Amino acid sequence: MAASYSELFAFLDRLGGKLDELTEIQKEKTNAVRRDDLLGVDACMKKEQVVSLSLRSMEQQRVRLLRELGLAEVPLSGLAEHCPAEQRQDARAAVERLRNRYAIYQSAANVSRNTLEINLHQIEKIIAEQEQSAPPAEGRMADIRA
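Everything quoted here is computed from the prediction, not taken from an experiment.

The rules behind the values
Residues numbered from 1 in each chain as written. Predicted model: local features only at pLDDT ≥ 70, side-chain atom pairs only at ≥ 80, totals over all residues. Heavy atoms only, no water. Helix = DSSP H or I, 4+ residues; strand = E, 2+ residues; numbered from the N terminus. Expected span 1.5 Å × (residues − 1). Buried < 20%, exposed > 50% of the residue type's maximum accessible area, 1.4 Å probe, protein only. Contact = heavy atoms within 4.5 Å. 1 Å grid on protein atoms, 1.4 Å probe; cavity = no way out; pocket = protein on both sides within 12 Å on 5 of 7 lines; lining within 4 Å. Points joined across faces, edges and corners; volume = space filled by probe spheres on them. Nonpolar A, V, L, I, M, F, W, Y, C, P; charged D, E, K, R; others polar. Salt bridge = Lys/Arg side-chain N within 4 Å of Asp/Glu carboxyl O. Phe/Tyr/Trp six-rings, centres within 6.5 Å; stacked < 30°, edge-to-face > 60°.

A.B. asks: Got a minute to help me understand helix H3 (residues 88-133) in this structure?
C.D. replies: An α-helical turn contains 3.6 residues, so a residue and the one three or four places further along point in the same direction. Helix length check: H3 (46 residues) gives 67 Å between terminal C-alpha atoms against 68 Å at 1.5 Å per residue, within 8%. Burial in H3 covers these residues: Ala91, Ala94, Val95, Leu98, Tyr105, Ala108, Ala109, Ser112, Thr115 and Asn119. For H3, the elements touching its buried residues are helix H1 (5-34).

Written as structure tokens, this is what we have:
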């Protein structure tokens, strides 16, 4: 059975939904980092892995849809020009929605990454300061007799 353009547009909207999920996870992760909640960060990373697995299966669907429509080599930006005239407006709208959702996700991911990097630098600085202020351990031996 050949795919339809409406099926492709619905797929693009589902893909956008996954981007929305990832965006929310990025926001949660940023908040967890700001609270120094390591378990919260770990939970977010696990959620990201689940979404990543679903994106892999969606990639197979995307390839199949585009191949059935004869659009396998067409980039997202050129989708509307390769659609039948009566569906070009729907194609432009679907592509624009997906691009907007991706831009929002990228922004949230950048904030999350930057927040993590800042906290890691602060941790590295604290560790370096503690190492410098600690007396040298040379010549000391612990008494382990009980």
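Resuming the write-up.
A.B. asks: What should I look at first to understand the layout of surface pockets in this one?
C.D. replies: One water molecule sets the probe size; rolling that probe over the atoms shows where empty space is left. In this structure, the largest pocket spans a volume of roughly 220 Å³. Considering the residues around the largest pocket, the lining is formed by Ala32, Val33, Asp36, Asp37, Leu38, Val41, Leu116, Asn119, Leu120, Gln122, Ile123 and Ile126. Listed by contribution, the elements that provide at least two residues to the lining of the largest pocket are H1, helix H2 (38-68) and H3. In terms of residues, the lining of the largest pocket owes the most to one element, H3, which gives six residues. Class assignment for the residues of the lining of the largest pocket results in eight nonpolar, two polar and two charged. Within this model, the second largest pocket holds a volume of roughly 190 Å³. Forming the boundary of the second largest pocket are Leu8, Leu12, Leu15, Arg62, Leu66, Ala72, Val74, Pro75, Leu76, Leu79 and Leu98. Mapped by element, the contributors of at least two residues to the lining of the second largest pocket are H1 and H2.

A.B. asks: Which parts of the structure should I look at to understand the pattern of salt bridges?
C.D. replies: Between side chains of opposite charge, a pair can form as their charged atoms come close. The tally for this structure, following the rule as stated, stands at eleven salt bridges. A salt bridge links Arg97 to Asp13; the nearest nitrogen and oxygen atoms lie 3.0 Å apart. Of this pair, Arg97 sits in helix H3 while Asp13 is found in helix H1, placing the two residues 84 residues apart along the sequence. Residue class for Asp13 comes out partly exposed when judged on its relative accessible area of 29%. Taken together, the shared-partner salt bridges connect Glu7, Arg64 and Glu68 into one network.

A.B. asks: Would you explain the packing of aromatic side chains in this entry?
C.D. replies: Given two aromatic rings, their pairing is described by the distance between the two centres and the angle made by the two planes. Applying the stated criterion across every chain yields a total of two aromatic pairs. Centre to centre, the rings of Tyr5 and Phe9 are 6.4 Å apart; their planes meet at 40 degrees, and the pair counts as tilted. Residue Tyr5 and its partner Phe9 are located together in helix H1, separated by four residues, close to a single helical turn. Seen in terms of ring centroids, Tyr102 and Tyr105 are 6.3 Å apart; in terms of plane orientation they differ by 45 degrees. Their pairing is tilted. Of this pair, Tyr102 and Tyr105 both sit in helix H3, three residues apart, roughly one helical turn.

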